[in-house]
Amino acid sequence: MVAGARRFEDPSADVLAEAAEAFALLASPVRLHMVWALAQGESDVSGLAERVGGALPAVSQHLTKLKLAGLVRSRREGRRQVYYVDDPEVVSVVHLMIGQLTERAEQAKAPVRRLRGAGA
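Keep in mind it's a predicted model, so treat the numbers as computed, not measured.

Visitor: With reference to specific residues and values, describe the nonpolar core.
Guide: Counting 20 residues, the largest nonpolar core has Val35, Val59, Leu63 and Val72 as its most contacted members. For this core, the elements supplying multiple residues, two or more each, are helix H1 (13-26), helix H2 (29-40), helix H3 (45-52), helix H4 (56-68) and helix H5 (88-108). Setting aside chain neighbours within four positions, we find Val72 in contact with Val35, Leu38, Leu63, Leu66, Lys67, Tyr83, Tyr84 and Val85.

Visitor: Would you mind going over the pairing of strand E3 (residues 80-84) in detail, with residue names and values included?
Guide: The side chains of a regular strand alternate, first on one face of the sheet and then on the other. In this structure, strand E1 (residues 43-44) lies alongside E3, joined through two bridges in antiparallel fashion. Along E3, the bridge assignment pairs Ser43 with Tyr83. Judged from the five bridges that link them, strand E2 (residues 73-77) and E3 form a sheet pairing that is antiparallel. Within E3, the residue paired with Ser74 across the bridge is Tyr83.

Visitor: Describe the sheet that holds E1, and please don't skip the residues or the numbers.
Guide: Spatially, E1-E3-E2 is the arrangement adopted by the three strands of the open sheet, whose pairing is antiparallel. Single-partner strands in this sheet number two, and they are E1 and E2.

Visitor: How would you explain the pattern of salt bridges if you had to name every residue and give the values?
Guide: Per the counting criterion, the structure on display carries five salt bridges. We note a salt bridge from Arg80 to Asp44, for which the minimum N-O separation is 3.2 Å. Linking Arg80 in strand E3 with Asp44 in strand E1, this pair joins segments that are 36 residues apart in sequence. Arg75 is paired through a salt bridge with Glu77; the nearest N and O atoms lie 2.7 Å apart. In the salt-bridge network here, residues are joined through shared partners; they are Glu42, Asp44, Arg75, Glu77 and Arg80.

Reading guide: rules and limits
Residues numbered from 1 in each chain as written. Predicted model: local features only at pLDDT ≥ 70, side-chain atom pairs only at ≥ 80, totals over all residues. Heavy atoms only, no water. Core = buried A, V, L, I, M, F, W, Y, C linked by side-chain atoms within 4.5 Å. Buried < 20%, exposed > 50% of the residue type's maximum accessible area, 1.4 Å probe, protein only. Helix = DSSP H or I, 4+ residues; strand = E, 2+ residues; numbered from the N terminus. Contact = heavy atoms within 4.5 Å. Pairing = 2+ DSSP bridges. Salt bridge = Lys/Arg side-chain N within 4 Å of Asp/Glu carboxyl O.

Below is the structure:
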């Protein structure tokens, strides 16, 4: 063990399965972009579709998956459905990963390399 590293007990199989499902949903660049955008502020489907460059039906389907996984929530405002991320831990994970990769790319002055063996 590395000096100063904390030791944690292994999580249960159920917790690992739930985390894997959440990470699998975030493995889609479009869904990750959507969570990133919603972490910056709430939006309706059309605003989100415009920001991420997706078609309304596709963005709506992605939102449904993210909502079912508990990564995104919504509320009704008149005739609009407004989506948002209401989980600080999810926002922290997304910010951490994207921030680290952005910083690495800026330091290297090169595009972000894809991880070996990473599937689409």
